[in-house]
Structures are given as C-alpha cells and as structure tokens.
Amino acid sequence: MRVRIIEPLPVIVGKRKRVCAYARVSSSSDAQGESLENQTQYYQNLIEANPDHEYAGIFADQGITGTKDERPEFQRMLEQARAGKLDLILTKSISRFARNTTIVLEVVRELKGLEIEVIFEKENISSLSGDGELMLTVLSAFAQEESKNVSENIKWRYRRKFQNGEVAINTTRFLGYDKNKNGELVINPGQAKVVKRIFDDYIGGKGSFVIAKELSAEGVCTVAGGRWHSSTVLGILKNEKYKGDAKLQKTFSKDHLSKKKCINRGEIDSFYLENSHQPIVTSEVWEEAQRQI
C-alpha cells in the first residue's frame, strides 16, 4: 500500500478592486459646485468603507457639458483605465457620465474590453451585465434627447429676449464698455479714448496696420492685454456697438452635441437694436469708417 499526501491548495486572498468615481456638473454656479463637492465626498466615503475596494480617486468635471468629449477629468480617468490602474468606475447616472449616446457606448465598450466595470447608480446598471449594453443604449438615448430639449428651450428663451430688445453682450473682451450692476452697458472713459482715436486715425487716412503698430509702440494694451494687430483694429472699426447699436445672434450653435459656434449668415434670424446703449462715436463717423473699409 502506498500513501500519497495531498497537500492543501494555498489560500488565495481576493484582490481588492481599484475603484474610482466620476462626477460632473454642467454649471459652475455655487449651487452646482456644492453638488459636485457632495458627490465627491459621497463616493470617497462609499469606496473607503468597502473592505474589498481600494480607493483610486475621484475624477470630477465642473462647468462642462456632458454632450462633449473634451472633459479633462473624464479624459484623465480614461488614461488611468488604459494604463491598467482601474477595475471599477462608479457614477451617479448615465446623464452625469455623458449625454451623448455615442460617447456613452463607445467608452463603455472600450472599458468593457479592458475588463473594467462601470456602475450607474441611478439606473442600477452594470456595464458587464448581460443586458447592460441594451439598457445603456435605451437610457442614454433618452438622456441625449433630454439634453436636446434643454438646448432648444434655452435658445428659445434667448430669441425671446432678443425680440424684446434685451441685450446680452459679453463685455469681458469688449473695449470701451463696462457693465453696471443692472447689466447695462456704460462707457469706460479710458478705453473709449482709444476707440475714438482708432476711428479718427482711420478716417484721417491711417491704415489699420499703422494704427496697430503705433498703439503697440506706445504700450497701449488691447482689451485682452495683448499686442495690437491689423485684424484687431478692423474688428473695432466694424463693430456697430460703438455707434450705440447692437446686432444680436451673430453666431449660433450648430447642434447641441458639438456646441460648435458658427457665424450666422442667414441660417437663423438675427436682430438689430438701434440706440440700445450710449455710443462712443457718432453714426456718421462709424458709417464713414465702413465706407473707407
């Protein structure tokens, strides 16, 4: 008789999953910022409380829409995933992950190929489950349609404002004007002198290149704090706002997914407001500049 000893198999301790979370809010307002902070703290506590999970960080984008794939933290998370540093991604919902159906499915499929699971809490969906992709396709399509409806509602509200003569002008890069506490355009005296000089010099016979060269040589800064160029001078000369008028809807978003800004060449209505604010130059001076241009 021969006795063979069967040795016990070594006990393999289960490998802890490297878990991260992705959070996003589309507005940078205080209320939304608080929401992002709450999401971040919630997921950190959730991951660290699970003994089977290893905390791999929180990736959070603030003030960035989910219809675009240019979110820095989202991309950083994908880089970590491709580097083999993640096993599981937690996120609040499909709409927080992305509102674009194509982005959702492409990313989830890529992660699935890397054996990385994504769990969507609100919808209770795991990307690695049997019916996960079907559910994602349907629900992300709903999220995308909701995003489209929100975009159309915002556009409608802006068009109504334009029709009612409510001027919405971004003054952060608008030489010659500031906004008062009521949101009204008011002349900035120092900058207005530069604007008047540009019009006077141009009508007096100086070209845009010469004007730009002289302003730069004198150390006069543009509204952005940079050097002057011929195109900068021409942009001021062509701007109807300096004669107290305002053309609204000069640009528009091509679609709600890409958010690409296009020059309005008649594709949609534009609105021209006369005497909407205090002018820096007279209509006669502005018209003469246009004639010479």
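Before reading on, note that the structure itself is shown above.
Read on for a plain summary of the structure. (Residues numbered from 1 in each chain as written. Predicted model: local features only at pLDDT ≥ 70, side-chain atom pairs only at ≥ 80, totals over all residues. Heavy atoms only, no water.)

### Observations concerning the pattern of salt bridges
Reasoning step 1: Under the counting rule described, the total for this entry stands at twelve salt bridges.
Reasoning step 2: With its nearest N and O atoms 2.9 Å apart, the salt bridge here joins R18 to D87. A residue pair is termed long-range when its members are at least 10 positions apart, and R18 in strand β1 (residues 17-25) and D87 in the loop between α2 (72-82) and β3 (88-91) qualify at 69 residues.
Reasoning step 3: Note that D245 and K243 form a salt bridge whose closest N and O atoms lie 3.8 Å from each other. Residues D245 and K243 agree in their burial class; the two are buried.
Reasoning step 4: Salt bridges linked by common partners bring R197, D201, K206, E214 and E218 together as one network. (Salt bridge = Lys/Arg side-chain N within 4 Å of Asp/Glu carboxyl O. Helix = DSSP H or I, 4+ residues; strand = E, 2+ residues; numbered from the N terminus. Buried < 20%, exposed > 50% of the residue type's maximum accessible area, 1.4 Å probe, protein only.)

### Describing the environment of L78
Reasoning step 1: Residue placement: L78 occurs in helix α2.
Reasoning step 2: A C-alpha to C-alpha distance of 9.5 Å links L78 and E110, two positions 32 residues apart in sequence.
Reasoning step 3: L78 has contacts with V107 and L111, leaving out every residue within four places of it along the chain. (Contact = heavy atoms within 4.5 Å.)

### Quick word on helix α4 (residues 101-113)
Reasoning step 1: In this model, α4 (13 residues) spans 18 Å end to end at C-alpha, consistent with the 18 Å of a helix rising 1.5 Å per residue.
Reasoning step 2: Those residues of α4 lying buried are T101, I103, V104, L105, V107, V108 and L111.
Reasoning step 3: Backbone geometry just after α4 places E115 at a positive phi near 60°. (Expected span 1.5 Å × (residues − 1).)

### Some details on the side chain of S126
Reasoning step 1: Looking at the secondary structure, you find S126 in strand β5 (residues 125-126).
Reasoning step 2: On the accessibility criterion, S126 (17% relative accessible area) is buried.
Reasoning step 3: There is a polar contact of 2.4 Å between the side chain of S126 and the side chain of E117. (Polar contact = N/O pair within 3.5 Å; in protein donor to acceptor, adjacent residues only side chain to side chain.)

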